[in-house]
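The lines below spell out each chain.
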Amino acid sequence: MRLLLTSDTHLPERAKELPAELLHEVELADVVVHAGDWVDTATLDLLEARARRLIGVHGNNDGPDLRARLPETARAELDGVRLGVVHETGPAAGRERRCAERFPDLDVLVFGHSHIPWDTTAPGGLRLLNPGSPTDRRRLPHCTYMTAEVRDGELTGVELHRLPPRRRPAARRRGPSDRAAGAPFDPPGGEQQS
């Protein structure tokens, strides 16, 4: 069973759309897991339409429409693996202990919020995974997501995928005819800032 793990898509605030590579992975996955901060319902609608199975939760940036459709915490058994999903787990310091105490009945906990990938195992065996964000890298060099496999009741093959940088469209140089038509003027060689 192939899993796609993602979180913190923040559309359309951080990007206009999900990266094509991530959407391709949705098609390959048996289960798509989203750990919250969707921000728009269109992303939820898209993943519900494309994913074979979607497990998702709402995050702190998700409004009433998303909160009405998504739980704060989700649980599922996937071929013998007890999986949980939550958006926020608190500060990094002490995370393993807190999560092991809060979720003693899970094998794997997928979380988000920080946009920073995380892969550790708590005492007692709880695996903690944060796939980062496919649209907002924050202070990291790449946007990210994760894939994994469930085989024979175990989570295997966890892989962090780094997305290529998004390219901004080059600023179009405008000539005298554009200015005459009332179009805004960009200095030659200048790039638009977003």
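Residues numbered from 1 in each chain as written. Predicted model: local features only at pLDDT ≥ 70, side-chain atom pairs only at ≥ 80, totals over all residues. Heavy atoms only, no water.

## Describing the sheet that holds strand β8 (residues 127-130)
To summarise the sheet geometry, strands pair through backbone hydrogen bonds and adopt either a parallel or an antiparallel arrangement. Spatial ordering of the open sheet is given by β4-β5-β6-β8-β7, a layout of five strands whose pairing is mixed. The open sheet has two free edges, formed respectively by β4 (73-78) and β7 (118-121), since each of these has just one partner strand. With direction set aside, neighbouring strand axes in the sheet form an average angle of 15 degrees. Sheet topology places strand β5 (residues 81-86) next to strand β6 (residues 108-110); three bridges connect them, and they run parallel. Looking across to β6, one finds that Leu-83 is bridged to Val-108. Across the sheet, helix α4 (residues 95-102) touches β4, β5, β6, β7 and β8, and the angle it forms with β7 is around 65 degrees. (Pairing = 2+ DSSP bridges. Helix = DSSP H or I, 4+ residues; strand = E, 2+ residues; numbered from the N terminus. Axes fitted to C-alpha atoms, helices over the stretch in contact; angles between N-to-C directions. Contact = heavy atoms within 4.5 Å.)

## Observations concerning the environment of Asp-62
Within the fold, Asp-62 resides in the loop between β3 (54-56) and α3 (64-69). For Asp-62, the contacting residues outside a window of four places in its chain are Gly-36, Asp-37, Trp-38, Val-39, Val-57 and Arg-67. At 2.8 Å, the side chain of Asp-62 forms a polar contact with the backbone nitrogen of Trp-38. One polar contact links the side chain of Asp-62 to the main-chain amide nitrogen of Val-39, over a distance of 2.7 Å. (Polar contact = N/O pair within 3.5 Å; in protein donor to acceptor, adjacent residues only side chain to side chain.)

## What about a negative patch on the surface?
Together, Glu-77, Asp-79, Asp-152 and Glu-154 make up a negatively charged patch on the protein surface. Considering the arrangement of structural elements, one finds Asp-79 in the loop between β4 and β5. (Patch = residues over 30% accessible without salt bridge, like charges linked within 9 Å, V, L, I, M, F, W, Y side chains within 5 Å. Areas by Shrake-Rupley, 256 points an atom, 1.4 Å probe, with all protein chains shown as cover. Salt bridge = Lys/Arg side-chain N within 4 Å of Asp/Glu carboxyl O. Lys, Arg positive; Asp, Glu negative; His and termini not counted. Charge placed at Lys NZ, Arg CZ, Asp CG, Glu CD.)

## Some remarks on unusual backbone geometry
Most peptide bonds adopt trans geometry, and most residues besides glycine take a negative phi value. The omega angle of the peptide bond from Leu-11 to Pro-12 is 0 degrees, so this bond is cis rather than trans. Even without glycine at this site, Asp-37 takes up a positive phi of about 60 degrees. Assignment of secondary structure puts Asp-37 in the loop between β2 (31-34) and α2 (41-50). You will see that Val-39, though not glycine, has its phi angle at about 75 degrees, which is positive.

## Comments concerning the packing of aromatic side chains
According to the stated counting rule, one finds zero aromatic pairs in the structure shown. The side chain of Arg-95 reaches across the aromatic face of Trp-118, ending 4.4 Å from its centre. (Phe/Tyr/Trp six-rings, centres within 6.5 Å; stacked < 30°, edge-to-face > 60°. Lys NZ or Arg CZ within 6 Å of the ring centre and 35° of its normal.)

## Describing the pairing of β5
Most of β5 is tucked away: five of the six residues are buried. Pairing between β4 and β5: six bridges, direction antiparallel. Looking at the pairing, Arg-75 lines up with Gly-84 of β5. Linking β4 back to β5 in an antiparallel pair, the connection comprises two residues, with Asp-79 at a positive phi of about 50 degrees. (Buried < 20%, exposed > 50% of the residue type's maximum accessible area, 1.4 Å probe, protein only.)

## A word on the pattern of salt bridges
In this structure the tally under the stated criterion is eleven salt bridges. In this structure, Arg-127 engages Asp-119 in a salt bridge whose closest nitrogen and oxygen atoms are separated by 2.7 Å. The closest approach of N and O atoms between Asp-136 and Arg-138, which form a salt bridge, is 4.0 Å. When its relative accessible area of 15% is taken as the criterion, Asp-136 is described as buried. A relative accessible area of 41% means that Arg-138 is categorised as partly exposed. Through salt bridges with shared partners, a single network forms among Arg-2, Glu-25 and Glu-149.

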